[in-house]
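# Structural features, examined
What follows is each chain in one-letter form.
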Protein chains: 2
Amino acid sequence: MTQLKHYLETRKKLKAYEYVMWLMSWDAETEAPKKALEYRSKQLEVMAGEVYAIQSDKHYVQAIESLHEQLDTLDKDLQTEIKKEFRELRFIKKVPKDAYIAYQVLLSKSVPLWAEAKHKNDFKLFAPTLKEIVEYQRNLVKYLEEEHLKGYDLLLDMYEEGFTQKEYDFFFDTLKKELVDFVKEVTKDPKPLHPKLVNGPFDQDKQKVFSEYLLDVFFYDRERGLLKTSEHPFTSGVTSVDTRITTRYLEDNLASSIFSTIHEMGHGLYEMQNDPKYDDTYLHGGTSLGIHESQSRMYENMIGRSKAFWQVHYKKLQEVFAPQLDDVTLDDFMDYMNHSARTLIRVEADELTYALHIMVRYDIEKRLISGDIEVEDLPKIWNDTYEAYLGIRPSTDTEGVLQDIHWSGGSFGYFPTYALGSAYGAQIYDAMEKDIDVDQAIKNNNIQAINDWTKEHIHQYAQSKTPKEIMLIATKKPFDPMYYVNYLKGKYAK
Amino acid sequence: MTQLKHYLETRKKLKAYEYVMWLMSWDAETEAPKKALEYRSKQLEVMAGEVYAIQSDKHYVQAIESLHEQLDTLDKDLQTEIKKEFRELRFIKKVPKDAYIAYQVLLSKSVPLWAEAKHKNDFKLFAPTLKEIVEYQRNLVKYLEEEHLKGYDLLLDMYEEGFTQKEYDFFFDTLKKELVDFVKEVTKDPKPLHPKLVNGPFDQDKQKVFSEYLLDVFFYDRERGLLKTSEHPFTSGVTSVDTRITTRYLEDNLASSIFSTIHEMGHGLYEMQNDPKYDDTYLHGGTSLGIHESQSRMYENMIGRSKAFWQVHYKKLQEVFAPQLDDVTLDDFMDYMNHSARTLIRVEADELTYALHIMVRYDIEKRLISGDIEVEDLPKIWNDTYEAYLGIRPSTDTEGVLQDIHWSGGSFGYFPTYALGSAYGAQIYDAMEKDIDVDQAIKNNNIQAINDWTKEHIHQYAQSKTPKEIMLIATKKPFDPMYYVNYLKGKYAK
């Protein structure tokens, strides 16, 4: 079967390019010398051109189409993969090449421009570029539209297969109803936190020692990954045997490195626990952003911020920072970590208020892609929506509409997966508790039992199942936002 | 001129592949997780195949040939480059593809096998593979031989253009005559060294602080490079704006990190100070291994081990390690750093005895490639030659013929450039002293004046000049080994 052979040979080649593109990006974000970035960009452009040429080669396209017509001759995983690749062909077939290339050029300049505008609190500087990006997104939606998938739905589906406005509207409406007033109530009379936790400073080397300790606690395999630092923490994996993570050490914020490390470890573990049989295929990796985020959030918030966890590990933290935390009690630390407040910046938001930040962005994106509002309206609408959901109003665009990188990189439809991930996480955690005694596993310092459960029910499948299938396998139910609501209310009502 | 256009377009592409191959290698040697290496090898093999296909594409080959026929229509640098590339074509045209591929497969297994044999002190384990490698090298010489370039000369010329047995024989005969007895004399009654310097231990974090300090002293630009750790220190550069170095911190050896850092800094500086106009060409980099080594050795030994240097910087070393070195005087430290002894291991050899280690290897390689001796004879011949030149005899092959990685990677003709580099360095240093007051520059902590000189006379030219041309530009004379002999005798006769 020569089409299959051609497909597999090309896949092997493209996997190698994927690897080098991944490595270039990892290097640039963690250590490449500053003045090397321009040289690197030129090489990246050449490699991207090579990839495009291979992917759009007519024999490769024909092989995918032909295999797609005879799916039943293929094994299950290959069927899934071919369906996925066949769907990807729409970008090559339906998006005019010129428009695509012009857009890539636009994107290569837009991120630095956004950063400058954010730095200078100057929305007008970025607005014309953002307008072009939005224009492209609106056109993209038209190029790609299908009978049952149009408008913003099409973008949402790219990030979370099968999740469109209907599902998200229901999700966010539930949150709006259940959480907006609840948050105001919980954050009304904030309890004062221990000054030693609030003030620091926290030695960065000691934070590093503790982060490495945490990775041991979570059985993060250093022979298949590593921990490094970067300006913004992230996970970057390319195979089950190479999944790297970063964190950052802030002198004035002890919680930042602790929970960034656990969060990224959660992402990393997902890909490390993918069945290695997917390493050489396109099915390696997380099945969606939402499921990915469910794992990082579950490990970070539900395990990492639990009392059971710190009953075991708080002593070690005190030891590493001795004598700084000697008179800070476990309860002080619990209050500090699980403190909630209505603030302006998404990435600094706590577990309870986080979803409200996402609601703001979902509302705005929906209206922006539909053409209901325009780029020049954004600052005012942003501030109004923050006032409506969080009861606070940004005084600058730096702290408002310019705070996130996503739109400058053309990511529309991405934000909602953050909130969805947290909500998935609550439902998955609930299901896991029915199978194993999670609290006891944490208290016994036996996180491996939890990792085994997530591997069996989620991680091993990589991209061979859709997000909806994963939720059914892991929780035996379709997604239901009330698990999340109940979890948050149960925790913060106290 | 369409041939030129095709050549330049292909060069742009190949430079991008060069970049990603470089990055894969840098990553593997500094941080890639252990279990990722097999996956990485597969991707590397695919990329190497892509490079081979582009390099051997008949249109590209034709473009080079056609440009080579009309050299005078090209600018000077392009002429040099085309001559170089035209010469490289011999590998594609004269070496049978099957033999080449079989050899690459052999090499992919030979290094780990050598490491195992070295670890187990089992030469027989490695001998059959080494025999195959030597066989290929002997055949290679036959495939490529030219009227005036045959046998071992052909291999030597690959590493140091224009340097063949005639030149090397003269060089090593001079050293043999001048140094063998001198070394025995100097190392006869070793002066005892300060126990605090010999015994350590030296905190690795403090060594790191001092290495970073040294890089500042030498004006190594962190925006175009970085310092990391690896098992064996090395320099890895790909453009003048990205030249990275590594060092290693041994708890029981303070000199190791200090002089590894300066040595690699010397290599790094050479490529950083290449004229940036060569970045996008094949002329970026050092012109030969020998000239490269002349820079690392000159900075390491002539500047880095000088009394003037430590008169300025020894206080800082004491400060970083305080109070460990408080009662170790500058003279104690000078004795420690410039101590000479006849030992068995090349990479641990001191400045004076180093060339004798190389002489052993040169003698053996010459006879091995000519067929005068065979692989199975190596252990005995190795030990006999050490006894002849250094007066000591290895008791194991681990400490003898198995100590170096080079032959397992197919590098024959490489070793002699190490000694040649030191000798170049002495002659270059002598010339520099005629132009600027080097000692005063060191005492004024103004190494930039030295860097400016090396940039002007050597570094800027990258590969646009041959090693012989560089020696003439920098020293106004052809290479003369007596500068090296006189330097060593002047220093060690004291």
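Residues numbered from 1 in each chain as written. Chains lettered and ligands numbered in written order. Predicted model: local features only at pLDDT ≥ 70, side-chain atom pairs only at ≥ 80, totals over all residues.

Counting secondary structure elements, chain A contains 21 helices and three strands. Over its C-alpha trace chain A gives a radius of gyration of 23 Å, about what one expects of a compact globule, namely 23 Å for 494 residues. When its C-alpha atoms are laid out on the principal axes, chain A stretches across 70 × 50 × 50 Å. Taking all 494 residues of chain A together, 40% fall into the buried category. (Helix = DSSP H or I, 4+ residues; strand = E, 2+ residues; numbered from the N terminus. Rg over C-alpha atoms; globule rule 2.2 N^0.38 Å. Buried ≥ 20, exposed ≤ 12 C-beta atoms within 10 Å, placed from the backbone.)

Of the two same-sequence chains, chain B is brought onto chain A (RMSD 0.0 Å, axial shift 0.0 Å) by a rotation of 180°. Taken together, the turn and the small shift mark the pair as related by a two-fold rotation axis. Residues of chain B ranked by C-alpha distance from the rotation axis are headed by V20 of chain B, positioned 3.1 Å from it. Looking at the interface residues of chain B, 100% of them are also at the interface in chain A, so both copies use one shared face. (Least-squares fit on C-alpha atoms with pLDDT ≥ 70 in both. Contact = placed C-beta atoms within 7 Å.)

This part takes up the packing of helix 10 (residues 204-217) of chain A against helix 13 (residues 307-321) of chain A. Residue and element names in this part refer to chain A. Contact geometry of helix 10 with helix 13 gives a least axis separation of 9 Å together with a crossing angle of 155°. Judged on the interaxial angle alone, helix 13 and helix 10 are roughly antiparallel. Like other packed secondary-structure pairs, helix 10 and helix 13 cross with a definite hand, here right-handed. On helix 13, the residues touching K206, V209, F210, Y213 and V217 of helix 10 are H313, K316, L317, V320 and F321. (Axes fitted to C-alpha atoms, helices over the stretch in contact; angles between N-to-C directions. Parallel < 35°, antiparallel > 145°, perpendicular 65-115°, else oblique. Left-handed = near helix turned anticlockwise from the far one by under 90°.)

Residues and elements named next belong to chain B. With five of five residues buried, strand 2 (residues 235-239) lies mostly within the body of the structure. Sheet analysis places strand 2 next to strand 3 (residues 242-247), joined by four bridges and oriented antiparallel. Residue S236 lies in a different strand from strand 3, and its bridge partner there is R244. Here strand 2 hands over to strand 3 after two residues, the two strands then running antiparallel side by side. (Pairing = 2+ DSSP bridges.)

A separate point is the sheet that holds strand 1 (residues 227-229) of chain B. All names here are of chain B. Spatially, 1-3-2 is the arrangement adopted by the three strands of the open sheet, whose pairing is mixed. Single-partner strands in this sheet number two, and they are strand 1 and strand 2. For this sheet the average axis-to-axis angle between neighbouring strands, irrespective of direction, equals 25°. Sitting on the sheet, helix 11 (residues 254-272) touches strand 2 and strand 3, and the angle it makes with strand 3 is about 170°.

Tallying the contact residues gives 27 residues for chain B and 27 residues for chain A. Elements with a contribution of two residues or more to the side of chain B that touches chain A: helix 1 (2-30) and helix 2 (37-55) of chain B. A class-by-class count of the residues in the side of chain B that touches chain A yields 12 nonpolar, three polar and 12 charged. (Nonpolar A, V, L, I, M, F, W, Y, C, P; charged D, E, K, R; others polar.)

Moving on: the packing of helix 1 of chain B against helix 3 (residues 58-69) of chain B. Geometrically, a packed helix pair is captured by the angle between its two axes and the distance between the axes. All names here are of chain B. Between helix 1 and helix 3, the shortest axis-to-axis distance is 9 Å and the interhelical angle comes to 125°. Comparing the axis directions of helix 1 and helix 3 gives the class oblique. Handedness of the helix 1/helix 3 crossing: left-handed. On helix 3, the residues that touch Q3, L4, H6, Y7 and T10 of helix 1 are H59, Y60, A63, I64, S66 and L67.

Here we come to unusual backbone geometry. With an omega of 0°, the peptide bond running from A322 of chain A to P323 of chain A counts as cis. With respect to the element layout, P323 of chain A can be found in the loop between helix 13 and helix 14 (330-337). Residue P201 of chain B is bonded to the preceding G200 of chain B through a cis peptide linkage, with omega at -10°. Residue placement: P201 of chain B occurs in the loop between helix 9 (195-199) and helix 10 (204-217). You will see that A462 of chain B, though not glycine, has its phi angle at about 50°, which is positive. Of note, the phi angle at K476 of chain B is positive, near 65°, even though the residue is not glycine. With respect to the secondary-structure elements, K476 of chain B resides in the loop between helix 20 (467-475) and helix 21 (482-492).

To summarise the sheet geometry, strands pair through backbone hydrogen bonds and adopt either a parallel or an antiparallel arrangement. Residue and element names in this part refer to chain A. Strands sit in the order 1-3-2 across an open sheet of three strands; the sheet is mixed. Because the sheet does not close on itself, it has two edges, and the strands there are strand 1 (227-229) and strand 2 (235-239). When strand polarity is set aside, the average angle formed by the axes of neighbouring strands in this sheet is 25°. As paired strands, strand 1 and strand 3 (residues 242-247) are joined by three bridges and run parallel to one another. Bridge pairing in strand 3 places T229 opposite T247. Helix-sheet contacts for helix 11 (residues 254-272) involve strand 2 and strand 3, and the interaxial angle to strand 3 is about 170°.

All names here are of chain A. Each domain of chain A was delimited in the assignment, giving domain 1 (2-154) and domain 2 (155-494). For domain 1 and domain 2, the distance between their C-alpha centres works out to 26 Å. A breakdown of the residues in the side of domain 1 that touches domain 2 according to their chemical character gives 17 nonpolar, six polar and 12 charged. (Domains from an automatic or database assignment.)

What follows concerns helix 7 (residues 151-159) of chain B. Within helix 7 of chain B, the full set of buried residues consists of Y152, D153, L154, L155 and L156 of chain B. Considering only its buried residues, helix 7 of chain B is in contact with helix 6 (123-144), helix 8 (165-186), helix 15 (354-370) and helix 17 (416-435) of chain B.

Quick look at the pairing of strand 3 of chain A now. Residues in a regular strand point their side chains to alternate faces of the sheet. A large share of strand 3 of chain A lies buried, amounting to six of its six residues. Every second residue of strand 3 of chain A is oriented toward a common face, with D242, R244 and T246 of chain A on one face and T243, I245 and T247 of chain A on the other, all of them buried.

A separate point is the environment of H406 of chain B. Residues and elements named next belong to chain B. Within the secondary structure, H406 is located in the loop between helix 16 (378-390) and helix 17. Assessed through the 16 C-beta atoms surrounding it within 10 Å, H406 is described here as partly exposed. Distance from H406 to K5, taken between C-alpha atoms, is 39 Å for residues 401 residues apart in sequence. Once you skip the residues sitting within four places of it in the chain, H406 turns out to touch S411, Y414 and F415.

Once that is clear, we can look at the environment of V20 of chain B. Secondary-structure assignment places V20 of chain B in helix 1. Other than its neighbours up to four places away in sequence, V20 of chain B contacts V20, M24 and M47 of chain A together with M47 of chain B.

So, about the confidence of the model for chain A. Looking at chain A as a whole, the pLDDT averages 96, with 100% of positions reaching at least 70. ipTM for the predicted complex: 0.93, alongside a pTM of 0.94. (pLDDT = per-residue confidence, 0-100.)

Of all hydrophobic cores here, the largest spans 100 residues; its most connected members are A355, I358 and M359 of chain A. Among the elements that line this core, the one with the most residues is helix 15 (residues 354-370) of chain A, at 10 residues. A domain split of this core shows at least three residues from each of domain 1 (2-154) and domain 2 (155-494) of chain A. Excluding residues within four positions of it along the chain, A355 of chain A makes contact with L175, L179, A419 and S422 of chain A. In terms of nonpolar packing, the next biggest core, distinct from the first, is built from 99 residues, F163, L254, M298 and L325 of chain B among them. (Core = buried A, V, L, I, M, F, W, Y, C linked by C-beta atoms within 7 Å.)

Residue and element names in this part refer to chain B. Its 14 residues place the ends of helix 10 20 Å apart at the C-alpha level, agreeing with the 20 Å of an ideal helix rising 1.5 Å per residue. Structurally, helix 10 contributes buried residues whose contacts are with strand 1, strand 3, helix 11 and helix 13 (307-321). At the exit of helix 10 stands F219, carrying a positive phi of roughly 60°. (Expected span 1.5 Å × (residues − 1).)

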